[in-house]
Amino acid sequence: MRIKELSLLGAVYMVLCSTVAQAQEAEQGSEVTEEALASKSEFQLQAFGQLFTNYGHYTSEAESFQAFELERAELGLGFLYKERHGFVVNTEAIRSAGPRSTFGIDNNSLVLRIKHAFFSSTPELPIPGELTVQAGMIPDIWVQTVEQSYDLRGIAPVGAEYVGFYQSSDLGASLSYKVLDERVWLRVVINNGEGRNQVELNNGKNTTLSASFKQPMGKLRGHPLKVGGHLSYRDGSEGVSSIASHRTSAALTVEHPALFLGGEITRARGYAQRGDLRAQQIGFWVNTTPYKQWLGLYLRAQQLTPDTSNASSHQRAFFSGLYLDLIPAQDAPRSVLGFPRLRTYLGYYYQSSDADAATITGAADTSTQHAVMLTLSARGSGIL
């Protein structure tokens, strides 16, 4: 993925410098040369943002309620030089009260925090392929890989992120290499392993290896259809006690503007602050516009087994419904940090748990929930 974004401070600085320079040139009556224009075109400033908001009516054995919710609000800026070197800073809105707290900032107000903040460089190579180096608060490579072929982020994160096997960003550095027109993508990442909301707590570092293979399989409706296979392994630890946090993941995907299809599986050694637990997550998704380009159907299902040694510890989630695209679909793959999207979903959500995985052990009914949801997904980017 090519990064074309910038930090807010850098954007303000560049804009101010540009404004002052232009004013001085106007006062002096100087002419802008072709060399100056060419120099300016080597620099790009880009703004990007995402917004997911919904209205849901939830029913369960214990209660029934309805609420308007803000699932995601992000805004970022990026800087790129010669389309090869740059950096990005992306902010996100979160509730100020933690999961186990009632009060945060001004009760439980939304506040901004850093989600991504990293340097990226793609140097010219004397050999075929594209080498990219990133460092800072970088995206998780497994989440990033699967999201390239996952078109339902407005409904829910990819399965492995949804259940907490991965966090979407962490402090570290990555090295990636694409070759054969992006048919092969190899990556290695070293990071803290604590996610974006915690400092490093132990001496160990997480090491993740990833390989992706994509092959065009002809065209459908005039657009290429790409089939991909993806593998990843992470050797990691987390927390002061260096709790095991190992992950093995695999996915099969299909990408096309009118069809996104895939399945993923992740096996984890170490989960929920317990290094002895072996857990597993399996997920499937599909969304398509079978007739009209603007009207689609979606289906997403997944199962989490927090303890694979217990046959009665499954947790299930199911999503289905319709969506309306107000901006025509774009060719895949798309940048996960920003691409045109204005979509409305109307769907049904269901979750349930086996007796040993319920909120109250042995009372599976307490974890069964139904919901009807109306969701707006908006995202995009633009050159400044």
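What this report covers is the structure whose coordinates are included nearby. (Residues numbered from 1 in each chain as written. Predicted model: local features only at pLDDT ≥ 70, side-chain atom pairs only at ≥ 80, totals over all residues. Heavy atoms only, no water.)

Right, let's get into the environment of His 314. Among the secondary structure elements, His 314 is positioned in the loop between strand E15 (295-305) and strand E16 (315-325). Looking at His 314, its side chain comes within polar contact range of the side chain of Thr 305, at 2.9 Å. (Helix = DSSP H or I, 4+ residues; strand = E, 2+ residues; numbered from the N terminus. Polar contact = N/O pair within 3.5 Å; in protein donor to acceptor, adjacent residues only side chain to side chain.)

Where strand E8 (residues 206-220) lies against strand E9 (residues 223-235), 12 bridges are found, and the strand directions are antiparallel. Each bridged residue has a counterpart across the sheet, and for Ala 211 the counterpart in E9 is Leu 231. Where E8 hands over to E9, the hairpin turn is made up of 2 residues, of which Arg 221 adopts a positive phi near 55°. Sheet topology note: the E9/strand E12 (residues 246-256) ladder contains 9 bridges and is antiparallel. By the bridge assignment, Arg 234 is partnered in E12 with Arg 247. (Pairing = 2+ DSSP bridges.)

Here the focus is the pairing of strand E13 (residues 259-271). Bridging between E12 and E13 involves 11 bridges; their strand directions are antiparallel. Bridge pairing in E13 places Thr 248 opposite Arg 267. Counting the residues in the hairpin turn of E12 and E13 gives 2 residues. Bridge count between E13 and strand E14 (residues 274-288): 12 bridges; the pairing is antiparallel. Across the sheet, the residue bridging to Arg 269 is Arg 278, located in E14. What sits between E13 and E14 in their antiparallel hairpin is a turn of 2 residues, with Ala 272 showing a positive phi close to 55°.

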